[in-house]
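Architecture at a glance
So the chains spell out like this:
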Amino acid sequence: MSISAIDLKKIELQLGRTPRDLVEVVARGTCGNPAVVKTKPRLKDGTPFPTLYYLTCPKLNSRIGSLESTGFMKELETKLVTDDNLQKNYSLAHEIYLKEREAIEEVSEISGVSAGGMPSRVKCLHALAAHALAKGKGINKIGDMVLNEIMDWCQTPCLSEDELI
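Read on for an overview of the structure. (Residues numbered from 1 in each chain as written. Predicted model: local features only at pLDDT ≥ 70, side-chain atom pairs only at ≥ 80, totals over all residues. Heavy atoms only, no water.)

Here's the deal with the packing of helix H4 (residues 84-104) against helix H6 (residues 141-149)
Two elements in contact, H4 and H6, have axes whose closest approach is 8 Å; the angle formed by their N-to-C orientations is 105 degrees. By the angle class used here, H4 and H6 are roughly perpendicular. Here Leu86, Asn89 and Tyr90 of H4 lie close against H6, whose contacting residues are Lys141, Ile142 and Met145. By residue class, the composition of the contact of H4 with H6 is 4 nonpolar, 1 polar and 1 charged. (Axes fitted to C-alpha atoms, helices over the stretch in contact; angles between N-to-C directions. Helix = DSSP H or I, 4+ residues; strand = E, 2+ residues; numbered from the N terminus. Parallel < 35°, antiparallel > 145°, perpendicular 65-115°, else oblique. Contact = heavy atoms within 4.5 Å. Nonpolar A, V, L, I, M, F, W, Y, C, P; charged D, E, K, R; others polar.)

So, the pairing of strand S1 (residues 22-28)
The side chains of a regular strand alternate between both faces of the sheet. Of all 7 residues in S1, 5 are buried, a share of seventy percent or more. Looking at chain direction, S1 and strand S2 (residues 34-39) are connected through 5 bridges and run antiparallel. Bridging across to S2, Glu24 finds its partner in Lys38. Remark: 5 residues form the turn of the hairpin made by S1 and S2, two consecutive strands paired antiparallel; Gly32 in that turn has positive phi of roughly 95 degrees. (Buried < 20%, exposed > 50% of the residue type's maximum accessible area, 1.4 Å probe, protein only. Pairing = 2+ DSSP bridges.)

Remarks on the environment of Glu68
Along the chain, Glu68 falls in helix H2 (residues 58-69). Put simply, Glu68 and Ile150 are 82 residues apart on the chain and 12 Å apart in space, counted from C-alpha to C-alpha. Setting aside its immediate chain neighbours within four residues, Glu68 contacts Met73, Cys124, Leu125 and His126.

Describing the side chain of Arg101
Structurally, Arg101 can be placed in helix H4. Buried charge without a salt bridge: Arg101, with Glu102 as the nearest opposite-charge side chain at an N-O distance of 5.2 Å. Each residue touching Arg101, except ones within four places of it in the same chain, is listed here: Pro41, Phe49, Pro50, Leu52, Ile110, Val113 and Ser114. (Lys, Arg positive; Asp, Glu negative; His and termini not counted. Salt bridge = Lys/Arg side-chain N within 4 Å of Asp/Glu carboxyl O.)

Comments concerning H2
With 12 residues, H2 ought to run about 16 Å at 1.5 Å a step, and its terminal C-alpha atoms sit 17 Å apart, in line with that. Listed in full, the buried residues belonging to H2 are Leu60, Ile64 and Leu67. Summarising the axial view, the buried residues of H2 lie within an arc of 55 degrees, below the 170-degree limit, and thus occupy one face. Tucked inside the fold, the buried residues of H2 contact strand S3 (53-55), helix H3 (72-82), helix H5 (125-135) and H6. (Expected span 1.5 Å × (residues − 1). Arc of directions from axis to C-beta.)

Points about the pattern of salt bridges
Under the counting rule described, the total for this entry stands at 5 salt bridges. Asp7 is the salt-bridge partner of Arg28, the closest N and O atoms lying 2.4 Å from each other. Highlighted residues: Arg28 in strand S1 and Asp7 in helix H1 (residues 5-15), separated in sequence by 21 residues. Owing to a relative accessible area of 9%, Asp7 belongs among the buried residues under this scheme. Between Lys135 and Glu100 there is a salt bridge whose closest N-O contact spans 3.0 Å. Of the two residues, Lys135 sits in helix H5 while Glu100 sits in helix H4, which places them 35 residues apart along the sequence. Sharing partners across several salt bridges, the network here consists of Arg42, Glu105 and Glu109.

Some thoughts on the packing of aromatic side chains
Evaluated as defined, the whole model comprises 2 aromatic pairs. Both rings, one in Phe49 and one in Tyr54, keep their centres 6.3 Å apart while their planes meet at 45 degrees; by these two values the pair is tilted. For Phe49, a relative accessible area of 15% corresponds to the buried category. Ring geometry for Tyr53 and Tyr97: centres 5.7 Å apart, planes at 80 degrees, overall edge-to-face. Linking Tyr53 in strand S3 with Tyr97 in helix H4, this pair joins segments that are 44 residues apart in sequence. Accessibility classification places Tyr53 together with Tyr97 in one group, the buried group. (Phe/Tyr/Trp six-rings, centres within 6.5 Å; stacked < 30°, edge-to-face > 60°.)

Interpretation note: all reported values are geometric properties and have no functional meaning in isolation.
Following this line, the structure appears as structure tokens:
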């Protein structure tokens, strides 16, 4: 698996920095630009990196940041505590996440740690939305709920043609 030079340039522009240790683009916005990348669980410098799915789209990052500021995380946390089916889904999403990351490389320092607070808390909506986009609807229902709140995040490209020249 590799990332094309064009996608790498787009990701660099989206993030405003050189991305670290990418594996592949796993989700795109409707504009075709990368939205989520898969990253290695251990960075080249040896640092453990538990975030397997990383959001690159600046519009999506901004919308989710705004959503976090509304208290939506607390709302989701309450739903998680009171809904047995949601708890089961979230635990399964956690297990799927761990297996996928370990298939790339097992890193003892982050063993059992997934992202976004899984399996028992709602901690980072960015990580949960990235997981939901990467895997599709139903795998991480909390991530799905985040995306449902900001459905129109990719109405226009996050990068202009001028930026890509």
